[in-house]
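# Secondary and tertiary structure notes
So you can see what is in the structure, the chains are spelled out below.
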Amino acid sequence: MTTPPPYIEIDGAPAADPGLLVTLMSGFGHFTAMQVREGRVKGLGLHLARLDRATRELFGRELDGKRVRTLITGALEASGRRNASVRVYVYQDVRVLVTVAAPAPDGLGAPQRLTTAEYWRPAPHIKHLGGFGQSYHREAARRAGYEEAVLTSPYGEIAEGAVTNIAFWDGTSLVWPSAPCLEGITMALLEPRLPSVRRPVTVADLSGYRAALVTNSRSIAAVTAIDEVTFTVDEELMERVYSAYDSVEWDEL
């Protein structure tokens, strides 16, 4: 079954060509991705702050959160969806593109096998476009039978996944790598709600951790292996993590 293309609006006007998104994704800009349920979003303020902060850094202008909310609600209404995966892209001259697609499944994602790749994203604090390096390593990982790539320095220090944040369980705390990375919204919501620390994590350290997990806007999933290092899926831990995420209130758009 073919997945229908997302509904796309540019500055509130429907885009005639669904293939436009492929072209725009290669441009200079940034974005945020969120799950919407009945017109509500977890961590909406974090999404709006991310968009404004990156717009100021890349384009030297502010991005009004009210404008973003209006564009999202308009696109949702026009698409006929109340539950959706929504992305907001910002380009030069602060043009705002909103995509509306089918929602991600609720609940924990399927456990994942990961492989390491020597690469750190440029300007990792920005959820920017044109990420050839991370796309290259993620697709290479998938062709090799893995679900995701773990990005490392030449010396084996772990930063993040290609499209995820990663955390490790030491039996007491979730350890989030302190290397430069994109601080995902799901990560930002979980970190203060669970015993968490940030410290350097290297490939050589992996066997000393009891469990691992990845997070992004679409799921929270246990990790079963990174290269040759295997992890047990800690069901109690995963239930605790998802319960923490589930406790976050939904914000009205």
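Residues numbered from 1 in each chain as written. Predicted model: local features only at pLDDT ≥ 70, side-chain atom pairs only at ≥ 80, totals over all residues. Heavy atoms only, no water.

## Re the nonpolar core
Counting residues in each nonpolar core, the largest one holds 21 residues, and the members touching the most others are Val86, Val88 and Val98. Here this core takes five residues from helix α3 (residues 65-79), the largest share from any one element. Those residues in contact with Val88 that lie beyond four places of it in its chain are His30, Phe31, Thr32, Met34, Leu51, Val68, Ile72, Val96, Leu97 and Val98. In this structure, Leu174, Ile185, Leu189 and Leu213 belong to the second largest nonpolar core, which totals 19 residues. (Core = buried A, V, L, I, M, F, W, Y, C linked by side-chain atoms within 4.5 Å. Buried < 20%, exposed > 50% of the residue type's maximum accessible area, 1.4 Å probe, protein only. Helix = DSSP H or I, 4+ residues; strand = E, 2+ residues; numbered from the N terminus. Contact = heavy atoms within 4.5 Å.)

## Focus: the pairing of strand β3 (residues 29-37)
Counting buried positions along β3 gives nine out of nine residues, so the element sits mostly inside the fold. In β3, alternate side chains face the same way, and those of Gly29, Phe31, Ala33, Gln35 and Arg37 on one face and His30, Thr32, Met34 and Val36 on the other are all buried. In this structure, β3 lies alongside strand β5 (residues 84-91), joined through eight bridges in antiparallel fashion. Opposite Met34, over in β5, you have Val86 as the bridge partner. Pairing of β3 with strand β4 (residues 40-42), which is carried by two bridges, proceeds in the antiparallel orientation. Within the sheet, the bridge partner assigned to Val36 lies in β4 and is Val41. Linkage of β3 to β4, two consecutive antiparallel strands, is achieved through a turn of two residues, within which Glu38 is found at a positive phi near 50°. (Pairing = 2+ DSSP bridges.)

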